[in-house]
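One letter stands for each residue in the lines below.
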Amino acid sequence: MTHLSTEKIDVMALWEQAHHPEAGGVVLFSGEVRNNHQGKEVSHLYYEAAERMANKMIAALLEEAKQRWSLQVAIAVHRLGKVSVMETAVVVITAAAHRTEAYAANQYIIDRIKHHVPLWKCEHFVDGERAWGGHCACQQKSTGNMEL
Amino acid sequence: MITLEFFAGLKDYFPPVMEVRETPEDINRLRRYLIDQQSFATTLLEQCRFAVDDTFVQEDYQLRQGDLVLVIPPSSGG
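The rules behind the values
Residues numbered from 1 in each chain as written. Chains lettered and ligands numbered in written order. Predicted model: local features only at pLDDT ≥ 70, side-chain atom pairs only at ≥ 80, totals over all residues. Heavy atoms only, no water. Contact = heavy atoms within 4.5 Å. Buried area = accessible area lost by both parts, 1.4 Å probe. Salt bridge = Lys/Arg side-chain N within 4 Å of Asp/Glu carboxyl O. Helix = DSSP H or I, 4+ residues; strand = E, 2+ residues; numbered from the N terminus. Nonpolar A, V, L, I, M, F, W, Y, C, P; charged D, E, K, R; others polar. Pairing = 2+ DSSP bridges. Axes fitted to C-alpha atoms, helices over the stretch in contact; angles between N-to-C directions. Polar contact = N/O pair within 3.5 Å; in protein donor to acceptor, adjacent residues only side chain to side chain. Buried < 20%, exposed > 50% of the residue type's maximum accessible area, 1.4 Å probe, protein only.

A.B. asks: Looking at this model, I keep getting lost on the interface of chain A and chain B. Mind explaining?
C.D. replies: It is common to give the size of an interface as the accessible area lost on bringing the parts into contact. Taken together, the contacts link 24 residues of chain A with 19 residues of chain B. Interface area for chain A against chain B, summed over the two sides, is near 1800 Å², with a carbon-plus-sulfur share of 54%. Inspection of the chain A/chain B interface yields four salt bridges. Listed by contribution, the elements that provide at least two residues to the side of chain A that touches chain B are strand 4 (40-49), helix 2 (51-69), helix 3 (99-115), strand 8 (119-125) and strand 9 (130-132) of chain A. When residues of the side of chain A that touches chain B are assigned to their parent elements, the largest contribution, four residues, is made by helix 2 of chain A. Among the residues forming the side of chain A that touches chain B, the class breakdown is twelve nonpolar, six polar and six charged.

A.B. asks: I keep staring at the sheet that holds strand 7 (residues 88-96) of chain A and nothing clicks. Help me out?
C.D. replies: Strand-to-strand pairing in sheets goes through backbone hydrogen bonds, with the strands running parallel or antiparallel. Residues and elements named next belong to chain A. The four strands are arranged 1-5-7-2 in an open sheet whose pairing can be described as mixed. With one partner strand each, in any of the chains shown, strand 1 (4-5) and strand 2 (25-32) form the two edges of the open sheet. Strand direction decides the pairing type here: strand 2 and strand 7, joined by eight bridges, are antiparallel. When the sheet's bridge partners are listed, Ser 30 is paired in strand 7 with Val 91. Against the sheet, helix 2 engages strand 1 and strand 5 (73-79), with an angle of about 155 degrees to strand 5. Of the strands in this sheet, strand 2, strand 5 and strand 7 touch helix 3, which is tilted by about 150 degrees from strand 7.

A.B. asks: Before we go on, may I ask you to explain the side chain of Ser76(B) in this structure?
C.D. replies: Along the chain, the position of Ser76(B) falls in the segment after strand 5 (68-72). Separated by 3.0 Å, the side chain of Ser76(B) and the backbone nitrogen of Lys121(A) make a polar contact.

A.B. asks: Help me understand the pairing of strand 1 (residues 2-6) of chain B in this model?
C.D. replies: Note on strand geometry: in a regular strand, side chains alternate between the two faces of the sheet. All names here are of chain B. Within strand 1, four of the five residues are buried, which leaves it mostly tucked inside the rest of the structure. The pairing of strand 1 with strand 2 (residues 17-20) spans four bridges and is classified as antiparallel. Bridged to Thr 3 within strand 2 is Glu 19. Direction of pairing for strand 1 relative to strand 5: parallel, over a ladder of four bridges. What sits directly across from Phe 6, in strand 5, is Val 71.

And the structure:
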């Protein structure tokens with residue numbers, strides 16, 4: 001399976017694949033493009049990846065999470081190219097016997113995708129400026145850095 | 001000779017693909033070489049990771065002729 005998509009992610013189609021008779025908890029995270037960043041109006045995002053490596057890393061990450069949390073299902077797809085406000089940039093779905101494992105695994109997968117997989121966002125602002133690689137809020141808290 | 005592939009913000013300083021005729025001994029020397037080439041990109045290059053054969057390599061990784069090296073800025077997916 002490819003974990004990268006240049007096409008709009010069909011979240012509901014992925015959701016349909018996420019159900020399992022042994023899974024009592026299914027968690028879906030959709031990372032979506034918001035219209036502002038640090039007070040600036042965002043026009044859209046553009047995503048790029050070291051594609052072969054990113055795809056392999058996401059596949060390995062899902063397998064690791066399946067083993068660690070005994071997941072029945074683990075799905076992750078990240079968008080590439082231009083992504084508009086309110087569109088899904090990344091989706092992670094985890095299904096486990098109980099919600100605790102499903103939530104924990106989902107959080108782990110999205111954190112690893114954001115911080116370790118070779119994927120990059122370029123923010124395009126309404127005023128015409130652009131900036132590569134804004135860190136997410138959890139890194140801002142831990143480092144104090146608001147930008148690279 | 002080795003081939004380098006650059007991504008994201010690094011492409012403001014380097015072409016997407018670049019060949020280096022004299023193979024640097026290791027990643028550390030490659031990093032220093034790139035900083036010498038583009039001092040304006042020093043901060044970003046110091047934060048970069050490097051990968052060979054789609055696997056991250058350490059600073060002392062011994063480069064070989066023909067290696068394809070990915071120069072990987074800090075990730076910002078999601």
